[in-house]
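Spelled out, the chains give:
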Amino acid sequence: MSEISEVGETRTLPDSLSGVKYVTPLAALATASIGLLVLIGWKFDNSALAFLLSGVSLWLLRKEKVSLGKKIIASGLALGVVVLGGLTIGEVLFGMPPLSAYSFVLLGIALLCFNLRRSGPLIAQFLALFVAPVSLFTFLGYVYGLKPQFPLAAFTQMPLSTSVAFGILSVGILTARPTRGFMKIFASDSVAGITARRLLPAVLLIPCVMGWLRLMGQRAGFYGTEFGLALFVVLIIMIFGIVVFLNAASLYEVDRKRKWAEAMMRHSYEDLERRVEDRTLDLRQANERLKKLDEMKSNFVALASHELKTPLTAMKGCLSLISQGKAGVLTRKQHELMNVVEEASGRLHRLVDDLLDISGIDLGQIKMNFEPASLKTLLREELMVVRAQAREKGIDLEERLEDPIKDIHCDRDRIREVIDNLLSNALKYTPPGGRVQVELRSERQGARLEVRDTGIGIPSEEQERIFEPFQHIKKAGLSGEKSTGLGLALVRKIIDAHGGAIRVQSGEGQGATFSVFLPQNHGEKGGRP
């Protein structure tokens with residue numbers, strides 16, 4: 001993965017330039033070798049020593065991340081190169097041409113600049129770029145067989161080996177940090193980088209070769225100085241024109257492919273957008289159908305429950321009369337059977353009532369009678385009802401009612417149903433000797449009721465499902481009572497109708513805590529869960 005700088009530039013070379021990382025170490029070895037060979041083969045020479053120090057310093061700095069110890073050694077060697085060049089310029093020591101001395105000073109400073117974190121590589125590259133043309137100039141002088149002309153003869157004098165070493169050292173410094181400074185343009189995988197790398201060999205080679213050909217033709221007597229110069233300029237223009245045209249054609253093809261890719265992407269995006277719109281329309285229509293089906297289901301449940309309630313009421317009344325002996329004396333066995341039938345009919349009657357309530361709330365057929373009510377009073381009334389049941393099961397029923405509790409706007413009967421369901425469930429699923437704790441406290445925009453028990457708990461995967469109709473937890477109530485699976489569904493419907501919220505916190509075998517928030521003024525301004 002490429003390292004990214006603060007401005008989003010990559011700090012790694014593209015695969016096509018992976019070989020560049022070997023240029024700097026090879027340049028360092030070559031420069032140090034030239035200096036060492038001169039020192040061994042000839043005599044002590046300032047230039048040879050400076051090249052040896054420069055090569056070793058560049059070798060130590062060849063990697064992007066350098067240890068502090070290597071930085072100190074490399075800086076000391078680079079400082080030595082600067083001192084050698086400076087002393088020669090100041091005429092304290094001799095044996096080094098002035099142009100070489102200036103070049104050593106610049107390259108020594110360039111090596112020192114690598115220790116600067118931000119602008120160091122850029123300064124080093126610029127200094128190396130000043131030395132490289134000097135090296136090339138001297139090298140071409142030897143290739144072309146030119147003789148130094150007065151008055152620059154002494155100043156431009158430089159051995160061939162020195163000019164080659166300066167060129168190698170300059171290239172090594174330029175490629176030491178190829179993703180930093182201005183070299184990052186040449187090393188990038190962008191159009192600019194590709195273009196620069198294509199043009200650079202032509203910029204370097206074509207003028208050198210054409211200059212040599214022009215000089216050889218003039219020396220052979222094919223043409224004079226003026227004609228040779230004009231021919232040289234025209235050929236340079238023609239060749240560079242061809243190079244520029246070839247690169248432009250290549251870039252044109254790249255740009256054409258890019259535009260084609262953008263057009264295809266735009267077309268794909270438009271097609272995707274159209275598909276999303278179609279799917280959204282399909283989902284909207286499906287949602288409308290589901291709403292209609294849900295309304296039909298609620299209507300059916302309401303109608304069926306209503307139709308069932310009348311005969312159930314008649315059956316319950318008749319069973320009560322028979323059980324009381326109004327239709328004749330019952331035997332003991334018949335009386336036991338009548339108790340079972342009465343219990344079953346009562347459970348069925350409660351089921352029908354819950355179904356009517358749920359479907360009525362869904363259809364908006366049950367109007368909530370919002371009025372100020374004391375939640376503390378409602379809670380205490382329900383606690384009186386279930387306290388006997390708690391004592392019978394040996395369950396400790398605790399209450400923590402904060403004082404004062406502001407009145408809330410609610411439907412008294414519906415909130416009683418909520419409290420009754422929560423308390424009944426807590427007692428049903430708590431074993432004998434357990435504890436049920438009821439807490440009521442004020443909050444900024446309403447009141448919160450919490451019912452905690454030490455019962456069997458609810459597995460996490462079932463905690464949301466228990467608020468849906470006809471859903472039961474896997475473990476049955478410990479008291480042996482059966483549940484319709486509608487109690488908590490009805491509780492959520494009533495709480496939602498009051499603008500409140502209900503949630504459960506539990507774990508298997510860890511008991512359960514049901515927390516209900518009721519807004520204070522939902523009938524007037526609305527509440528906040």
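Since the structure is predicted, the reported quantities are computational estimates derived from the model, not experimental observations.

A count of helices and strands for the protein gives 14 helices and seven strands. Counting over 529 residues, the protein shows a buried share of 37%. For the protein, long-range pairs separated by at least 24 residues make up 68% of all intrachain contacts whose partners lie at least 6 apart in sequence. Carbon together with sulfur atoms contributes 62% to the accessible area of the protein, which is approximately 31200 Å² in total.

We now examine the nonpolar core. Counting 40 residues, the largest nonpolar core has Leu379, Leu422, Leu440 and Phe514 as its most contacted members. The residues contacting Leu440, other than those within four sequence positions of it, are Leu375, Lys376, Leu379, Arg400, Leu401, Glu402, Ile405, Ala447, Arg448 and Leu449. With 33 residues, the next largest nonpolar core counts Leu111, Cys113, Phe166 and Met183 among its residues.

Okay, the packing of aromatic side chains next. The final tally for this structure, using the stated rule, is five aromatic pairs. Look at Tyr223 and Phe227: their rings are 5.7 Å apart centre to centre, the planes differ by 45°, and that puts the pair in the tilted class. By the ring-pair criterion, three or more aromatic residues cluster together here, those being Phe51, Phe104 and Phe166. Looking at Arg62, its charged tip hangs above the ring of Trp59, at a distance of 3.9 Å from the centre.

To continue, consider the confidence of the model for the protein. With 79% of its residues at a pLDDT of 70 or more, the protein shows a mean pLDDT of 79. Predicted confidence for residues 150–155 stays below pLDDT 50, and this span has five contacts to residues more than four positions away or in other chains. In this model residues 525–529 is a low-confidence stretch, pLDDT under 50, and it forms 13 contacts with partners more than four residues away in sequence or in other chains.

So, on to the packing of helix H12 (residues 375–393) against helix H13 (residues 412–428). Where H12 contacts H13, the two axes come as close as 10 Å, and the packing angle between them is 25°. With respect to their mutual orientation, H12 and H13 come out roughly parallel. Where H12 crosses over H13, the two elements pack in a sense that is right-handed. Across the interface between the two elements, Leu375, Leu378, Leu379, Glu381, Glu382, Leu383, Val386, Gln389, Ala390 and Lys393 from H12 touch Arg412, Ile415, Arg416, Ile419, Asp420, Leu423, Leu427 and Lys428 from H13. Taken together, the residues that form the contact of H12 with H13 break down as ten nonpolar, one polar and seven charged.

Moving on, we get to the sheet that holds strand E6 (residues 501–506). Across the sheet, which stays open at both edges, the five strands sit in the order E2-E4-E5-E7-E6 with mixed pairing between neighbours. Looking along the sheet, the strands with just one partner apiece sit at the ends: strand E2 (396–401) and E6. With direction set aside, neighbouring strand axes in the sheet form an average angle of 15°. Sheet contacts for H13: strand E4 (435–443), strand E5 (446–453), E6 and strand E7 (512–519); angle to E5, the most-contacted strand, approximately 20°.

A few words now on a negative patch on the surface. A contiguous patch of negative charge on the surface is contributed by Glu270, Glu273, Glu277, Asp278 and Asp282. Note that Glu273 resides in helix H10 (residues 225–323).

Turning to the pattern of salt bridges, a few remarks are in order. Evaluation of the coordinates by the stated rule reveals 19 salt bridges. Residues Asp271 and Arg274 are paired through a salt bridge, measuring 2.4 Å at the closest nitrogen-oxygen approach. Of this pair, Asp271 and Arg274 both sit in helix H10, three residues apart, which is roughly one turn of the helix. Overlapping salt bridges, with partners in common, bring together Asp255, Arg258, Lys259 and Glu262 in one network.

Moving on, we get to the pairing of E5. For E5, the buried fraction is high: seven of the eight residues fall into the buried class. Note that E4 and E5 share eight bridges and pair antiparallel. Bridge pairing in E5 places Gln437 opposite Arg452. Counting the residues in the hairpin turn of E4 and E5 gives two residues. Sheet topology note: the E5/E7 ladder contains eight bridges and is antiparallel. Bridge pairing in E7 places Gly446 opposite Pro519.

Turning our attention to helix H9 (residues 191–219). Its 29 residues place the ends of H9 42 Å apart at the C-alpha level, agreeing with the 42 Å of an ideal helix rising 1.5 Å per residue. In H9, a bend of some 25° at Leu199 exceeds every other bend along the element, and Pro201, a proline, comes one to four places later. A positive backbone phi angle near 85° is found at Gly221, which sits one or two residues after H9.

Thresholds, definitions, all that
Residues numbered from 1 in each chain as written. Predicted model: local features only at pLDDT ≥ 70, side-chain atom pairs only at ≥ 80, totals over all residues. Heavy atoms only, no water. Helix = DSSP H or I, 4+ residues; strand = E, 2+ residues; numbered from the N terminus. Buried < 20%, exposed > 50% of the residue type's maximum accessible area, 1.4 Å probe, protein only. Contact = heavy atoms within 4.5 Å. Areas by Shrake-Rupley, 256 points an atom, 1.4 Å probe, with all protein chains shown as cover. Core = buried A, V, L, I, M, F, W, Y, C linked by side-chain atoms within 4.5 Å. Phe/Tyr/Trp six-rings, centres within 6.5 Å; stacked < 30°, edge-to-face > 60°. Lys NZ or Arg CZ within 6 Å of the ring centre and 35° of its normal. pLDDT = per-residue confidence, 0-100. Axes fitted to C-alpha atoms, helices over the stretch in contact; angles between N-to-C directions. Parallel < 35°, antiparallel > 145°, perpendicular 65-115°, else oblique. Left-handed = near helix turned anticlockwise from the far one by under 90°. Nonpolar A, V, L, I, M, F, W, Y, C, P; charged D, E, K, R; others polar. Pairing = 2+ DSSP bridges. Patch = residues over 30% accessible without salt bridge, like charges linked within 9 Å, V, L, I, M, F, W, Y side chains within 5 Å. Salt bridge = Lys/Arg side-chain N within 4 Å of Asp/Glu carboxyl O. Lys, Arg positive; Asp, Glu negative; His and termini not counted. Charge placed at Lys NZ, Arg CZ, Asp CG, Glu CD. Expected span 1.5 Å × (residues − 1). Bend = angle between axes of the 7 residues up to and from the residue.

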